[in-house]
Amino acid sequence: MENNKIKVSVFAAGQRFTILTDKSEKYVRDIASEIDARINSLVLSGNMTRERAAVLTAMDYADDSVLDRENIAAVKEQIKDYVQEIERMQDNNAKLVSDYNLLKAEYERLIEERQSAQSVEENAKKELADSQAQIRSLQEQLKKANEQIEALKNQQPADEEIPLPEEAPAEQEKPITAEDDLFFDMEEEVVKPEKKKKNRHEHNHVNPYQQKAKDKEKKGYTQQRQYSFFELDE
């Protein structure tokens, strides 16, 4: 360490001194010059000896040094407080960062849910539009089918109504008198031989009136029942 020290010759308080120091020569000479100027100022203003002025100058420098040390200690305490405050702010900042990350994750989750809900809504709207289009298509098909049905109805001829013959009013039976009974007896004697002759030919001969009645029944006519006062003896 001593190898790095230098000798500096200075003049102060009317005397020359040789200083061994590791400071620069300029720095040592500036300090010596300042001390010499302060001593000379005290000697001239206070009418005191150089020895007393040197002691007062030394006390002033010592006072400044003590104040500087106190100020340095206060500054160190302030720095310590600042460091603690910075550490507390760093802890708060870490908590804020953690809260921010949680909020960011929640925000991203909500964004995904919103996008999913929008996708579901868009799909529902699309399905609704498709359903409405299908309904309109079915309505058009139904309308066309009804129009075709109406057209077929208009093209089909109306059924012709076959008039049925009006039934003749039934004749009221008249009361049979004694003269009628005599007439019936005479008629019966005449009809019996005719009946026997008819029985011989009924299998080979078709009554034209009966055939005509059957033809009318086939065409939809209803045969009006006829009443007679004569009866055939079976």
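Everything in this summary refers to the structure shown in the same document. Not measured: the values here are computed from a predicted model.

About the cut-offs
Residues numbered from 1 in each chain as written. Predicted model: local features only at pLDDT ≥ 70, side-chain atom pairs only at ≥ 80, totals over all residues. Heavy atoms only, no water. Salt bridge = Lys/Arg side-chain N within 4 Å of Asp/Glu carboxyl O. Helix = DSSP H or I, 4+ residues; strand = E, 2+ residues; numbered from the N terminus. Buried < 20%, exposed > 50% of the residue type's maximum accessible area, 1.4 Å probe, protein only. Axes fitted to C-alpha atoms, helices over the stretch in contact; angles between N-to-C directions. Parallel < 35°, antiparallel > 145°, perpendicular 65-115°, else oblique. Left-handed = near helix turned anticlockwise from the far one by under 90°. Contact = heavy atoms within 4.5 Å. Nonpolar A, V, L, I, M, F, W, Y, C, P; charged D, E, K, R; others polar.

**What about the pattern of salt bridges?**
If you walk through the whole model with that rule in mind, you get seven salt bridges. With a shortest N-O distance of 3.1 Å, D30 and K26 are connected by a salt bridge. In this pair, D30 and K26 are both assigned in helix α1 (residues 25-46), four residues apart and thus about one turn of the helix distant. Residue D30 is classed as partly exposed on the basis of its relative accessible area of 42%. Sharing partners across several salt bridges, the network here consists of E106, R109 and E113.

**Brief notes about the packing of α1 against helix α2 (residues 50-155)**
The contact between α1 and α2 brings their axes to 8 Å, and the two run at 125°. Taken as axis vectors, α1 and α2 run oblique relative to one another. Here α1 runs over α2; the crossing is right-handed. Contacts between α1 and α2 involve E34, I35, R38, I39, N40, L42 and V43 from the former and R50, A53, A54, L56, T57, D60, Y61 and D64 from the latter. For the contact of α1 with α2, the per-class residue count stands at eight nonpolar, two polar and five charged.

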